[in-house]
Structure formats: C-alpha cells, structure tokens
Amino acid sequence: MVLIGALLVDAASPNVRLIEPAQFSMLRSDAIRIRAEATGGEAGVRTVGFFVNYQGPQRLREGTTDTIGWDSTPPYEVIWDCSRILDQPMRRLGFWCVAEDSAGKHGSSQWVRAALDRHIEYSTLTASADRVRRDPVIDGKFGETEWPGDPTIVYVNGDNRYAVHVCWTATGLFIALRSRDDRLFSRFTSEGQPSWDTTTDYEAMQRLYLDDGFIVFLDPARDRGEAIVLDDIIVSVSCWGSVNAYRLNARDAKHYNILDSINVATTFDTSADSGVSVTKIHLPWSVLKPDVAAGDTLGFDLYMVDRESVDGARTLARWAGQPHNHENPSEWGSLVLDDERVQGSTLGLIAALVGVCVVVAAFLVAPRRRRSPKDAPDLAPVISTDPMVAAAIKFIDDNLDNEELCIEMVARRVGLNKDYFGRKFGELVGQTFVQLLNERRMARAKELLGNPDINISQAALQCGYGTPDHFTRVFRNHYGMTPRKYRNNR
C-alpha cells in the first residue's frame, strides 16, 4: 500500500487512466470534458474521481488543487468549468484521476499535462531590431548612446514605465531595458539571496517570483508552438541584478541553465525621485540560432512584474498579450531583424536633405487638385501582409469616432514607440499616419452622408470631429465642397 496525494493506493488496486484530454494538448474553452477508463479491482470499479492542479492568482509554486467531480457510470467523465481561472501554461496545469473499487481500494492515473489558452488573438504584434555596426557595451550604465534611435517598445505597467531598445550585430542580439518606478522592490538581494526572514516567512519563501523585474522570451525558430521547447530561451532579471537564463522543456518541466553563455549587466539608482533600473543583455547567435540574416523573424515577448511592498499585489503585464499565459510561444509577438541603418553619416544626411528639397520643389510646382467625393474610395482594408499594419488599421477603423485618436494611441496599441511606428507605418502603407487617418475619416463621412437618417452633426461626431464647423472645414478641404452640398448633389 502506498500513499498518492491524500489517498492510500493498494498494490491490487483498480487500473485507471485519463483518455481525455490527451497528454500535452491545448485546451481552448471554458468547459473541458475530462474522461477516464477504469478496470480491475477486487470488487469492480465503484467510482472515479477527477482532480486538477493549476496556478491560481496567488501564484504559489505548489499550485492550487481542486476536485472536479466523481462519476460512477462508464464511460467515466466530468466537465471542468474553468471559466473563473486564468489561462495556464503547460507546466502549470495537470489532471489526474483516482478509481475506487467496492472494497475501498484506490488506483491513481498518471498526470496529464495540458495548456489552457482561450485568448489566441494576441500573436500579431511585431517589433523591429535595427542592425548596428558595433556591438553595444554591456555595462548596465545610464546614459547609453550606442543604442540606435528611439526605444523599440515603450509601455507602462502600474507605476512602472519601460523603454526597451533591441538591436543586432553579426555577434548576437542586444536588448537594453530601462524601467522607472516610484519604488523598486525585490524579494532578492543583489547576491541573489531572499530579502526576508525565511525562518518565519514560510509563505513568502514559497513565492520565489520576480518583483519589479522582467522576463524576456525568445523563440529563435519562430515555430509558434503551443508549449515552450528546448530551443526557446528565457531570461529573467530582477531590478537588483539577480539573473536567470535557461532553456525550458515544458513537457518535463526541466530547466537547462545557459547563464554562462550570455552577458547581462544591471544597475539601479534609488537616489532620484523614482527608482531607475537599467539592464543590458547580449545573446550570442551561437546560443540563439546558428545562421542569421536581415529579415529573419524571432518569436519575442516581454513579461513585466511590479510590486510595491512585500504584502502588495503583483501587477503583471505582457507586451504581446494576456499576462498570465506568458509561456505559450504561439502568443508571443514577432521580432524582425531589420537591415543596417547608417547612423551619424554625413552622406546620409546630405541625401536626406536632397530628398526633402526634391519633394518640396515637386509640391510647389505641381498644381493642387482636390479629390471629388465620387472619386474617393469607400472605407476598405489597407492591403498589407504586415501584421503590425493590420492591427493598426483595425484599431484606427474601430476608433474613428474618437476625437482624441492619435499616433501615440495606435503605436501603444501595437506595442511600438511613436516615432518608430510612424516611420515604419509610412514605409509599409505609403502614407503618413495623419494622411491615412484623414482619408479614412473622409471615406466614413461619405458613407454616413449617404444615409438620410443621419444629420451632419451626427456624421461629424461619428467621424471624430467635435463640432460640425470643424467637420465641414476638413470635408471642404478634402473634397472641394461642403457636406451639405455633397448630400444635395447625390
């Protein structure tokens, strides 16, 4: 007789195994059917109990165990209502069952690992890494000047503000992350030791999780798998400099340390009004992928944690989507390796100035022609294969009635810095953000004015203009006639 969980299991116990869900499967609904087969036992199987272990909101290492239910009639099955729990990565969700015979003997099944992912719409975000000529210095110092341009990603988590630079060279991928927080807090000291009394604070000792820190996820093959596998890389950094870097196989939950193969430096400054932490990471291509070229795409995600005190709530945020399902590579965003961008080049500056002069001259010489409403296209999707453009256009179309809609809002939505987003958007679409926004608002206005039940004031509001006068002025400038004249001429 042996002890499994809280049940005594006899050597001559019933045989039981889970047949649904399958091992390492992906679950995508709020109601999951759990099925088992059970035979044997001294007096036949009397009932089968179904159990689940998952990661609850307290995020304890041992997880939360619930009894799903019992069934006494073959085929043995229950429905697990998981609508109230968070999405679960594969190494955090497990099922098993226990069969009991009429003599009171028990048999237990093996665990079945699965992932729960009901939010699959967050896999289209894209960021770009500029190629630079020299390897940035991995020193963790402030005032970095060798990182190109504006941050690749800027976003906020609680009172934390994160600015992330990503670039690459022939030697590897470089990531610099600067965070600003009203208060920096960590459960670890700079030596990596717990910062609390482990003799009395047992509950805290069970939650050895990052606070005021971040985790970088990289999928070099960009296979969009549904579980982390050995080619995926995870780097976690606390604000006090405690670093872990490893490969993880979610199917056996084993970690493979690669910290000695990368270069990480972190510094922090609490003397300013807000705590500031800067981390720089160099991941060699020998660790990520053997062959690399401009245009390659890696799976990429950032996971941020903020806590103000040992008893405070943890605020979680992900760049690419739902914060609690960060171990599903299919929901990670994409990191595109851009080609080299010349920086500080006099020749490049001269070429840019010449280009500006040519454009200005062409504008001054060419006669201006206003577009007729009849020639204007209806509101239609912008043709682009880039997922960032698709996400941006959808957000714009869904918010045309928002008078405050601006490039900052759209850039934040797709997880990019405003200036970088504006530049990339113009390259891919062939228009500036403002040009496209005005054109789509005018196309929407034309549709609305074709409906006699909508007056001009209502059309103005639905197109994002606060007053009919503003709407009329923009419409006239765009089409050469007022909205009222356009409606009368239809």
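One structure accompanies this document, and this report is about it. (Residues numbered from 1 in each chain as written. Predicted model: local features only at pLDDT ≥ 70, side-chain atom pairs only at ≥ 80, totals over all residues. Heavy atoms only, no water.)

**Overview of the overall build of the chain**
Keep this limit in mind: By definition, any uninterrupted DSSP run of H or I lasting at least four residues is a helix, any uninterrupted run of E lasting at least two residues is a strand, and each is numbered from the N terminus. Summary of the burial criterion: residues with accessible area below 20% of their type's maximum are buried, those above 50% are exposed, and those between are partly exposed, where the area comes from a 1.4 Å probe applied to protein chains only. Shrake-Rupley sampling with a 1.4 Å probe provides the accessible areas, and residues are treated as covered by the protein chains on show and by no other component.
Summing up its helical and strand segments, the chain has ten helices and 24 strands in all. Taking all 490 residues of the chain together, 48% fall into the buried category. Roughly 24000 Å² of accessible area belongs to the chain as shown, and the carbon and sulfur atoms make up 51% of that amount.

**What about unusual backbone geometry?**
Negative phi characterises most residues that are not glycine, and trans characterises most peptide bonds. Cis peptide bonds are those with omega within 30 degrees of zero, and the linkage from glutamate 20 to proline 21 qualifies with 5 degrees. Among the secondary structure elements, proline 21 is positioned in the loop between strand S3 (15-20) and strand S4 (25-27). Here proline 74 and proline 75 are connected by a cis peptide whose omega angle stands at -10 degrees. With respect to the helices and strands, the residue proline 75 is situated in the loop between strand S7 (64-71) and strand S8 (76-81).

**A short note on the pattern of salt bridges**
Convention followed: Salt bridge, as used here: a side-chain nitrogen of Lys or Arg that lies within 4 Å of a carboxyl oxygen of Asp or Glu.
Following the criterion strictly, the structure yields 14 salt bridges and no others. In this structure, the salt-bridge partner of arginine 33 is glutamate 77, at a minimum N-O distance of 3.9 Å. You can see arginine 33 sitting in strand S5 (residues 31-39) and its partner glutamate 77 sitting in strand S8, a full 44 residues away along the chain. Glutamate 77 gets classed as partly exposed once you look at its relative accessible area, which sits at 29%. When the shortest N-O distance is used, the salt bridge between glutamate 427 and lysine 424 registers 4.0 Å. In this pair, glutamate 427 and lysine 424 both sit in helix H6 (residues 418-429), three residues apart, roughly one turn of the helix. For glutamate 427, a relative accessible area of 53% corresponds to the exposed category. A residue is classified by how much of its surface remains accessible, and lysine 424, at 18% relative accessible area, is buried. One salt-bridge network, in which partners are shared between bridges, spans Glu20, Arg33, Arg35 and Glu77.

**Quick word on helix H4 (residues 387-398)**
Defined as follows: Each residue after the first adds 1.5 Å to the expected span of a helix. The contact criterion used is simple: two residues touch if any of their non-hydrogen atoms lie within 4.5 Å.
Over its twelve residues, H4 extends 16 Å from the first C-alpha to the last, a length consistent with the 16 Å expected when each residue adds 1.5 Å. Looking at H4, one finds that the buried residues are Met388, Val389, Ala392, Ile393, Phe395, Ile396 and Asp397. Looking at the packing, one finds that the buried side of H4 touches strand S12 (126-131), helix H5 (407-413), H6 and helix H7 (433-449).

**Side note on H6**
Note the cut-off: This arc corresponds to the set of directions leading from the helix axis out to the C-beta atoms.
With twelve residues, H6 should reach 16 Å at 1.5 Å per residue; the first-to-last C-alpha distance of 16 Å fits that figure. For H6, the complete set of buried residues consists of Tyr420, Phe421, Lys424, Phe425 and Val429. Taken down its axis, H6 places every buried residue within 135 degrees of arc, on the same side.

**A closer look at the sheet that holds S8**
Operational definition: Strands are labelled as partners when DSSP assigns at least two bridges between them. A fitted line through C-alpha atoms represents every axis, and for helices the fit uses only the stretch in contact; the resulting angles, taken between N-to-C directions, go from 0 to 180 degrees.
Pairing is antiparallel in the open sheet, where three strands are placed in the order S3-S5-S8. Here the strands that pair on one side only, and so sit at the sheet edges, are S3 and S8. Strand after strand, the sheet turns through a mean of 25 degrees between neighbouring axes, direction not considered.

**Observations concerning the pairing of strand S9 (residues 94-101)**
Here S9 lies mainly inside the structure; eight of its eight residues are buried. Along S9, one buried face is formed by Gly94, Trp96, Val98 and Glu100 and the opposite face, lined by Phe95, Cys97, Ala99 and Asp101, is buried too. For strand S6 (residues 45-54) and S9, the ladder comprises eight bridges, and the chain directions are antiparallel. In the sheet register, valine 45 faces S9, and the bridge partner there is aspartate 101. By the bridge criterion, two bridges tie S9 to strand S11 (residues 112-116) in an arrangement that is antiparallel. Its bridge partner lying in S11, phenylalanine 95 is registered against valine 112. Two successive antiparallel strands, S9 and strand S10 (residues 106-108), enclose a turn made up of four residues, where glycine 104 displays a positive phi of approximately 85 degrees.

**Concerning the pairing of S8**
Only one face of S8 is buried: it carries Tyr76, Val78 and Trp80, and the other face, with Glu77, Ile79 and Asp81, is open. As paired elements, S5 and S8 share six bridges and run antiparallel to each other. Bridge pairing links alanine 36 to tyrosine 76 in S8.

**Quick notes on the packing of H4 against H6**
The description of two helices packed together rests on the angle between their axes and the distance between the axes. The test is simple: If an angle is under 35 degrees, it is roughly parallel; if it is over 145, roughly antiparallel; if it lies from 65 to 115, roughly perpendicular; otherwise it is oblique.
Relative orientation of the contacting elements H4 and H6 amounts to 100 degrees, with a least axis distance of 10 Å. Between H4 and H6, the interaxial angle falls into the category roughly perpendicular. The residues of H6 that touch H4, namely those facing Met388, Val389, Ala392 and Ile393, are Phe421, Lys424, Phe425, Leu428 and Val429.

**What to know about the environment of isoleucine 19**
Locating isoleucine 19 in the fold gives a position in strand S3. Among all residues touching isoleucine 19, those that are not within four sequence positions of it are Arg35, Ala36 and Glu37.

**Regarding the packing of aromatic side chains**
Under the convention used in this document: Note on aromatic pairs: the rings of Phe, Tyr and Trp (six-membered ring only in Trp) are paired at centre separations within 6.5 Å, and the planes decide the class, stacked below 30 degrees, edge-to-face beyond 60, tilted for the rest. We count a charge as sitting over a ring when the NZ of a lysine or the CZ of an arginine lies within 6 Å of the ring centre and within 35 degrees of the ring normal.
Counted according to the given criterion, the structure contains 13 aromatic pairs. With a centroid separation of 6.3 Å and an interplanar angle of 75 degrees, the aromatic rings of tryptophan 168 and tryptophan 285 are classed as edge-to-face. You can see tryptophan 168 sitting in strand S14 (residues 160-168) and its partner tryptophan 285 sitting in helix H2 (residues 285-288), a full 117 residues away along the chain. Note on accessibility: tryptophan 168 and tryptophan 285 belong to one class, buried. Between the aromatic rings of phenylalanine 217 and tryptophan 332, the centroid separation amounts to 5.2 Å while the plane-to-plane angle is 40 degrees, which identifies the pairing as tilted. Here phenylalanine 217 is found in strand S16 (residues 213-219), whereas its partner tryptophan 332 is found in the loop between strand S23 (315-318) and strand S24 (333-340), with 115 residues between them in sequence. With respect to burial, phenylalanine 217 and tryptophan 332 carry one shared label: buried. Ring pairs connect the aromatic residues Tyr465, Phe471, Phe475, Tyr479 and Tyr486, which therefore count as one cluster. Over the face of the ring belonging to tyrosine 465 we find arginine 441, whose NZ or CZ atom lies 5.6 Å from the ring centre.

Without other data, these values stay purely geometric and don't point to any function.
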